[in-house]
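# Observations on chain architecture
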Amino acid sequence: MKIEILFPEFCNLFGDSGNVRYLRKCLPQAEFVETPLDGVPLFAEDAPALICMSPMSERIQEKVIEKLRPYRSRLRALIDGGTAFLFTGNAVEVLGEYIENEDGSRLEGLGLLPLSAKRDMMHRHNSLFLGSFEGTPVMGYKSQFTTTYPGEGVRGLFQVERGVGLNKKCPFEGVRDHNFFGTYLLGPVLLLNPDFTRALLDILGAQNVPLAFEEDLRGAYAQRLKDFREKM
Amino acid sequence: MRKNLRFYLALLCAKGTAAGLRLLGRKATNMPGSCAIRLCPDFLGRMPRPTRVIGVTGTNGKTSTSNMVEDMLASCGYDFICNGNGSNVDTGVAAALINHSTLLGKPKKDLAVFELDERSAPRILPYLRPDILLITNIFRDSYKRNAHVEFILDILNRYIPDSTRLILNADDLLCAGIRPENPRVYFGIDRQPDDGDTCRNIVQDVRVCPQCGGKLTWDFVRYHHIGRAHCPACGFASPSPKYRVIFTDPARRTMRVELAGVERELPLPNSSTINVYNSLAAVALLSEFGLPAEKLAAAMDKLAVSETRFNEEKVNGRSLVMHLAKGQNPIACSRAFENARDYPGKKSVLLFLDDFYDATHSVESTPWLYDTDFEFLNDENIASITVAGARHWDVFLRLLMAGVPREKIAHSGDTGRAVELTPTDGVDTVFILYDVFNIRFANGVRDQIRERLKALPPKEETAHED
């Protein structure tokens, strides 16, 4: 199984490289391919089982969009073909239609997802999130400069129970398209949510692979869930 | 900006607030400033500034460095305004200026030294217009507040006045590149025996040449992006420091320093790399301020690192170390973990990383744990790790991810159990790593550990390689 990590030298903010480090513990036999920003993505010619991209700075986000633009149709084909993706934080917006700056100027995204994002650099949004994924509780932390507005037909990833979804009025957090999982939840999300991680591994065909440190992961999850329910 | 009626009203209210607070036995180091800025949002711009203003900012080390600078200036007989006992945001600066001004706002002293929060630069720097600004370094800090280094750099580049003379860390390419048009000098530490050729940390925020975007060649890496590099493609290189440490002698607590071309030996209050940087930064700042080298050396001889940040004591032949490890700050914690690992002998380590107030009212954010090098604690000389606090399960999981054997780790949400969970027999040192908002609790634990160490049979001190 090949897992591609896009641009890890830049897309590694907010502890989210922990997601990939955890996947390495769960899937020690998998081949992890790190593609640098000046390299050719593995997915251009090959079909990785999972493609991961973590949050990045705003200037890097612009470079990443331009880097991926020539691969737009390839990415669409991979999404439609069921390849799994885990894009976290502002990596989600890269696939959207546009990102709007405070002055109204727009950065065109890849246009693969019907959503847009609006930046507000002097008002950072920080919040706790409690929701559900296929009926099981999901938690995470949000810390971002953008608010995202989904268009018609966008399928949410997590249903909001408490906290803020893609925006204050949105009933869901994150985006799902086939096996594309995009979420703003930080944590890292895979270490915070064992059932979600289990579902991702199942999609990768690793149904028989146990979660690394599963008992401890679930112990931490139970304590955190209690705290979220009591303090949110 | 000129003084107006609103300014005078704000100043009057602030002075009244300060007088009231002092009657209540409070220091009035923040609220008067808060009151003034609430009534007059551009208060700092209208408040007369002392003739000379020195600022100290940066991600890590600004408090320690400011304390050193203030202590050295005081020991050299200077009288100055500072916010050493107050906050480093706009309200703390305003309070310090208010408390040392006449009824009409005229400063009573000619010199001011301010520690300045880098995130608050837009509300301070354009008004305060420091003559000299020392920037210690630029690293990732609280994600909720500071986001990422590019965000902080953009703020500093935008709000540092053109006229401000900068003193920058030559070994930090993020810091060294700030406001390239401003007058500047650099400080840095030469390659030392422990420095490597590659980064040994999770976080490394300088990946490409700041000029051409090409791949950098590192001459050495000290930690994270601290080190010296050059770009084979465009010829860019780390700047040459005017103030540089050539080597340190930890046993004698001295450092060999080149000050503007002249080598001399200076005392070191603490020999950890961070404190060498802080000491060197203070030396560079005060040299640029005009303090002669002889006076600098004499003033440094009297320095000590604040005991709220680092303290070690001997109990019955064993060491008991208190070391600040700022929660939510992955770099500061990584440095503290590396210091714990490198401390000689067998150790028990206690981790109190939760923010006490955050833990009380909210669920503290965990992402920073995965940018922090807990891997340093996976060391054969660390015999046990005790984790106590609200997020103990998350820290425990992070330690497992770092490869620490589970049998070495004890964890509990009940902080009262921390002492009983920590083995003290069979170790040379107990290392207490605590968040800044846990200091009172950590002090209590230290007292209990001290009593336990006193009850043990005396241990003969063994020689360790430092």
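These remarks concern the structure in this document. Because the structure is a prediction, the values reported are computed rather than measured.

About the cut-offs
- Residues numbered from 1 in each chain as written.
- Chains lettered and ligands numbered in written order.
- Predicted model: local features only at pLDDT ≥ 70, side-chain atom pairs only at ≥ 80, totals over all residues.
- Helix = DSSP H or I, 4+ residues; strand = E, 2+ residues; numbered from the N terminus.
- Buried ≥ 20, exposed ≤ 12 C-beta atoms within 10 Å, placed from the backbone.
- Contact = placed C-beta atoms within 7 Å.
- Pairing = 2+ DSSP bridges.
- Axes fitted to C-alpha atoms, helices over the stretch in contact; angles between N-to-C directions.
- Nonpolar A, V, L, I, M, F, W, Y, C, P; charged D, E, K, R; others polar.

### Focus: the environment of A:Asp216
Examined against the element boundaries, A:Asp216 turns out to sit in helix α7 (residues 214–231). You can call A:Asp216 partly exposed: it has 19 C-beta atoms within 10 Å. For A:Asp216 and A:Gly205, which are eleven residues apart along the polypeptide, the C-alpha to C-alpha distance reads 23 Å. Here A:Asp216 is in contact with B:Phe396, B:Leu397 and B:Leu400, once residues within four sequence places are set aside.

### A few points about the sheet that holds strand β11 (residues 155–162) of chain A
All names here are of chain A. The sheet built from nine strands is open, its strands ordered β2-β1-β3-β4-β13-β12-β11-β8-β9 with mixed pairing. Looking at the sheet topology across the chains shown, the edges are occupied by β2 (31–35) and β9 (136–144). Taking the axes of each pair of neighbouring strands and ignoring which way they run, one obtains an average angle of 25° across the sheet. Of the pairings in the sheet, the one linking strand β12 (residues 172–177) to strand β13 (residues 180–183) comprises three bridges and is antiparallel in character. Paired with Arg 176 across the strands is Phe 181, a residue of β13. Across the sheet, helix α6 (residues 194–203) touches β4 (84–88), β8 (125–133), β9 and β13, and the angle it forms with β4 is around 145°.

### Thoughts on the interface of chain B and chain A
It is common to give the size of an interface as the accessible area that goes away when the parts come together. The interface of chain B with chain A comprises 22 residues on the first partner and 33 residues on the second. Of all elements in the fold, only α7 (143–146) and α14 (392–401) of chain B reach the threshold of two or more residues within the side of chain B that touches chain A. Of all the elements, α14(B) adds the most residues to the side of chain B that touches chain A, at six residues. Looking at the side of chain B that touches chain A residue by residue, the classes come out as 13 nonpolar, four polar and five charged.

### Details of α6(A)
Every buried residue belonging to α6(A) is among A:Pro194, A:Phe196, A:Thr197, A:Arg198, A:Leu200 and A:Leu201, and all of these are buried. Of the residues flanking the end of α6(A), it is A:Gly205, one or two places downstream, whose phi is positive at about 85°.

### Let's talk about the sheet that holds strand β5 (residues 165–169) of chain B
Residue and element names in this part refer to chain B. Pairing is mixed across the open sheet formed by nine strands, whose spatial order is β2-β3-β1-β4-β5-β6-β9-β10-β11. The open sheet terminates on both sides in strands that have one partner only, identified here as β2 (81–82) and β11 (262–267). By the bridge criterion, six bridges tie strand β10 (residues 254–259) to β11 in an arrangement that is antiparallel. Across the sheet, residue Val 257 finds its bridge partner in β11, namely Arg 264. Helix-sheet contacts for helix α11 (residues 293–301) involve β10 and β11, and the interaxial angle to β11 is about 20°.

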